[in-house]
Amino acid sequence: MNHKVTSESPIGIFDSGIGGLTVVKAIQAALPSERIIYFGDTARVPYGPKSQITIRKYASDDIAILMRYQPKMIIVACNTVSALALDVVEKACGNIPVIGVLKAGAELAVQATKNNRIGVIGTQATVCSNAYACAINQLNPEIQVVSKACPLFVPLAEEGFIDHAATKLIAREYLSEIRDQGIDTLVLGCTHYPILRKVIEETIGHGIRIIDSAEAVAFRTKKLLTESELLNSNLKSCIPHLLVSDLPQKFSLLYQLFMSSELPDVELVEV
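Thresholds applied
Residues numbered from 1 in each chain as written. Predicted model: local features only at pLDDT ≥ 70, side-chain atom pairs only at ≥ 80, totals over all residues. Heavy atoms only, no water. Helix = DSSP H or I, 4+ residues; strand = E, 2+ residues; numbered from the N terminus. Rg over C-alpha atoms; globule rule 2.2 N^0.38 Å. Buried < 20%, exposed > 50% of the residue type's maximum accessible area, 1.4 Å probe, protein only. Contact = heavy atoms within 4.5 Å. Areas by Shrake-Rupley, 256 points an atom, 1.4 Å probe, with all protein chains shown as cover. Lys, Arg positive; Asp, Glu negative; His and termini not counted. Charge placed at Lys NZ, Arg CZ, Asp CG, Glu CD. Phe/Tyr/Trp six-rings, centres within 6.5 Å; stacked < 30°, edge-to-face > 60°. Pairing = 2+ DSSP bridges. Axes fitted to C-alpha atoms, helices over the stretch in contact; angles between N-to-C directions.

I would appreciate a short explanation of the overall build of the chain in the present structure.
Helices and strands together make up the secondary structure of the chain, namely twelve helices and ten strands. What you see for the chain is a C-alpha radius of gyration of 18 Å, in line with the 18 Å of a compact globule of 271 residues. Expressed as lengths along the three principal axes of its C-alpha atoms, the size of the chain is roughly 50 × 40 × 40 Å. Burial status across the chain gives 55% buried among its 271 residues. If you take every contact in the chain between residues at least 6 apart in sequence, the share linking residues at least 24 apart comes to 78%. Looking at the chain as shown, the accessible area adds up to about 11900 Å², and 53% of this sits on carbon and sulfur atoms. Across the chain, the mean location of the 25 positive side-chain charges is 2 Å away from that of the 28 negative side-chain charges.

Here it is in structure tokens:
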């Protein structure tokens, strides 16, 4: 797929649902004048409990939607897809650069740890794939990685249960085990999790460095666009164009909640 890419071309970002908005927020903070096309596959969220075959099919559908907008780069804002289907995305994108959240998060965690013990929380699919441990150990084989699947965090985030008693209860259930493993760094290995960051931080306790891969992705995006001379030189900031496969009103409300912004422009598309 070789379309003409200019600095005015948009950045395409996709996720299973609202989680990828954490990446949108970080990109907007780092690169306010970039055009962003975001697709949240709200009809089929969550991806984490699904099989690899299904996840790979979804990734292929998602990327087809974004490619219609002729993006200059693609950000896979879904750790599950980053772990199990990055090659599907790269193949569909041809010569357009692809950044996956998983690798960016792993790099940041390796830089951050002092005692070489890193915790990773993610969806069932991400944790079972062992992709984080592999990415981290490729960078530093000495590091011990402790992983824990936290499948209920995604629906809690999708409901906007940011500071809810139920979220605190489930966080304790999931994180008590990992808390006792002597980690000094915890990777939020799912883009939905920063939405629940406050509860996760309170539960895991102070002194543990939290890695939000959204920030790492924004840094890599800026670097990549600068090197390829594709930074948008326009000075006015753009509102992202949001696409969803279901429930645009709900998405719009959650967007306002997380992004603390006015009513966004949300378009319903078919997958």
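What follows continues from the structure just given.
Honestly, the packing of aromatic side chains in this entry has me stumped. Any pointers?
What describes a pair of aromatic rings is the distance from one ring centre to the other and the angle between the planes of the rings. With the rule as written, the count across this model stands at four aromatic pairs. Seen from their ring centres, Tyr38 and Phe251 are 6.1 Å apart, and the 25° between their planes marks the pair as stacked. Here Tyr38 is found in strand 2 (residues 36-40), whereas its partner Phe251 is found in helix 12 (residues 248-259), with 213 residues between them in sequence. Neither Tyr38 nor Phe251 differs from the other in exposure class; each is buried. Taking 5.3 Å as the distance between ring centres and 80° as the angle between the ring planes, the aromatic pair formed by Phe153 and Tyr174 counts as edge-to-face. Of this pair, Phe153 sits in helix 8 (residues 153-158) while Tyr174 sits in helix 9 (residues 165-179), placing them 21 residues apart in sequence. Accessibility classification places Phe153 together with Tyr174 in one group, the buried group. Through a chain of ring-to-ring contacts, the aromatic side chains of Phe153, Tyr174 and Tyr193 assemble into a single cluster.

Would you mind showing me how to read the sheet that holds strand 6 (residues 144-149) here?
Read from one edge to the other, the open sheet built from four strands follows the order 6-5-7-8, with strand pairing classed as parallel. Of all the strands in the sheet, the pair left with one neighbour each is strand 6 and strand 8 (209-212). Neighbour-to-neighbour, the strand axes of the sheet open up by a mean angle of 25°, direction not taken into account. As paired strands, strand 5 (residues 117-122) and strand 7 (residues 185-189) are joined by five bridges and run parallel to one another. Across the sheet, residue Val120 finds its bridge partner in strand 7, namely Val187. Of the strands in this sheet, strand 5, strand 7 and strand 8 touch helix 10 (residues 197-204), which is tilted by about 150° from strand 8.

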